Amino acid sequence: MDPNKKKIMNLLNARLVYQFFSGIMFIVLGVVIFIRGKGLSHFFNPGLFGLLFFAYGLYRIVLFVRLFRKSQDNIS
Amino acid sequence: MANSQPSEKIELRRDVTVWGSFMWGYADVGADVYVALGLVVAAAQGAANLAFALAGLVYIMIGLAYTELASAYPVAGGGHYFTLRGLGDFWGFVAGSALLLDYTIDIALFAYASTGYINFFFPAIRHISITIGPLSQVNPVWALETLAVIGFLVWINIRGIRESSLLNEILGALDICTESAIIIMGFLFAWKPELLIFQWKTQFPSMHNFMYGSSLAIISYVGLESISQAAQETRRPATIIPRTSLSLIFSVFIFATAFSTLSLGVLPWQQIAAAESNPVATLAHAIPYIGFIAGPFAALLGATILLISSNSGVMSASRVTFSMSQLKLISRWFDKVHPKYQTPVRTIVFFALMGALEALLSALTPRVLDTLGNMYAFGASLGYLLVFIALIRLRFKDPFTPRPYTMPLNITIKRNGIKTKIPILGFIGLLGIALILFEVILTHTIGRIAGPVWVFACCAYYFYYRKSQGLPLFGSVKHDWEKEQIEVLTGAEEFELVEKYKQTLKERDEAIARKKKNGSK
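Note that the coordinates shown come from a computational prediction; the quantities given were computed from them, not determined experimentally.

Basis of the calculations
- Residues numbered from 1 in each chain as written.
- Chains lettered and ligands numbered in written order.
- Predicted model: local features only at pLDDT ≥ 70, side-chain atom pairs only at ≥ 80, totals over all residues.
- Helix = DSSP H or I, 4+ residues; strand = E, 2+ residues; numbered from the N terminus.
- Buried ≥ 20, exposed ≤ 12 C-beta atoms within 10 Å, placed from the backbone.
- Pairing = 2+ DSSP bridges.
- Axes fitted to C-alpha atoms, helices over the stretch in contact; angles between N-to-C directions.
- Parallel < 35°, antiparallel > 145°, perpendicular 65-115°, else oblique.
- Left-handed = near helix turned anticlockwise from the far one by under 90°.
- Contact = placed C-beta atoms within 7 Å.
- Nonpolar A, V, L, I, M, F, W, Y, C, P; charged D, E, K, R; others polar.

Asks: Explain the overall build of chain A here, please?
Replies: Broken down by element type, chain A carries three helices and zero strands. The order of helices and strands in chain A, counted from the N terminus, is α-α-α. A burial count over chain A gives 28% of its 76 residues as buried.

Asks: How do you make sense of the pairing of strand β2 (residues 135–138) of chain B when you look at a structure like this?
Replies: Along a regular strand, successive side chains alternate from one face of the sheet to the other. Taken together, the two bridges between strand β1 (residues 130–132) of chain B and β2(B) define a ladder with antiparallel strand orientation. Directly across from B:Ile130, in β2(B), lies its bridge partner B:Val138.

Asks: I would appreciate a short explanation of the packing of helix α5 (residues 89–118) of chain B against helix α19 (residues 447–468) of chain B in the present structure.
Replies: Describing two packed helices takes the angle between their axes plus the distance from one axis to the other. All names here are of chain B. It is the contact of α5 with α19, at a shortest axis distance of 9 Å, that shows an interaxial angle of 130 degrees. With respect to α19, the axis of α5 lies oblique. Between α5 and α19 lies a crossing whose hand is right-handed. Residues Phe93, Val94, Ser97, Ala98 and Leu101 of α5 form the contact with α19, whose own contacting residues are Gly451, Trp454, Val455, Cys458 and Tyr462. Here the contact of α5 with α19 is composed, by residue class, of eight nonpolar, two polar and no charged.

Asks: Where do I start with the environment of A:Phe21 in this structure?
Replies: All names here are of chain A. Note on placement: Phe21 falls in helix α2 (residues 14–36). Using a count of 13 C-beta atoms within 10 Å as the deciding quantity, one classes Phe21 as partly exposed. When the C-alpha atoms of Phe21 and Ile61 are compared, they prove to be 8.6 Å apart, with 40 residues separating the residues in sequence.

Below, the structure written as structure tokens:
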């Protein structure tokens, strides 16, 4: 396969796309919950859960970056 | 009754891929929230999300323990096999019987709940209620539908792993998309933080209710075991299982806490509790813009995902019994594999019948789902408790088996010249699950009786069988675990691990020989 095409196909890998968008989704959700729920004044419910979703989103983004690097290494 | 030949080596096909392994677990665990949400909210009220989160923390540790053990011992059997390796045959059997209780309830509970969601489209069936003597609110049509679903699952499971695994994969993927859509739309357009805070502050449950709720919440996480059940059918299990398990653990935890946080911010808890048979559909219906179609769609999805969860129960029950019969804990009659489809046909039929019986008996009570959920938590917490003890014991007893994944947070000590890692998280998890079991015994009126009765009945069978076979009752049958471990890893094509294991054993033997030599001098 043409190396450029291979690179593009690799970027469209379902797992990569899923990791990236789910990561973004949970980061956004975490922020929405924290801000709308006034997370600082109500830390033990919306605050904590907002932070939890935000952290999970970050975790998924870290996984995405790792997977992306790995797939780049595989190509080269 | 035809017995298979003792010398016959029967193996399950290695047919499950990364996606299949993940979906096998997700199909089982991911569906639990469709049932657990209503039950937990009814008990834990305004603190339902806290109940889910606390049970979820224990579940994360259970998940990590299973990941370590399933990748180190990739054989069918899961929790019962790990317990047997760590604590011996008898405790292995006890863990197996506790998990079997869960799988048979899994079949009954989710088949019943699935038909409940189907009946969303046929409200006339949902509202049938007759009185039989002292028993009131019995719905015979719903019970018959449940039996038909169980019959269908038996048929597809006898046909083979490929068909049923494919079903899991497609429906599991659809479920992830829909759950994500409900969460996103719900939090963006329907979630009212002031309602969540109001319920948290004014509707906080009593301690008894919270304990009941948090111990029920553990049922929304039961099913991770399925990945280890499928280990013997998974390609390259030592590589795949840690990947799929870890993804599954966090995904399910997040979805469960998200659903409970969302529901308490969208509807008063009483409304969710009232819709015990279809809480997710009720929640979805309350979301603006998509609510008018979300109700029927969530009902349809609930029906399908619960169907595959029930299917996971059939699959897992059959694999546990298959493994138990191979290890001489139950009769070898169970390990008969279908000549054409290569599936453990007798175990599938036998335990599906047990599930059907449980469904029928529970259908005679007014709150069928609560009755089944009540017993479900007992089996899970007892089984997991034994798995944690086995995990800790195996770190000392079998330090040589390669562990592609180990639970984080360990203290390394040197004992008789052998490095052993003490799992701190294992001990914390053990305390957590012991607390859940304590809550179950304290608050589950049906589970604390029916659960032990089941385990004792199984133990009676165990003693009868072992005695009839001339096998030790409390002792263990001798196994060459090292040889078996090499065979398992070789069969799984984990050649690097085989080499590593052989090398470690060689070094150990050399060290022993040196010690003997020095001693004789």
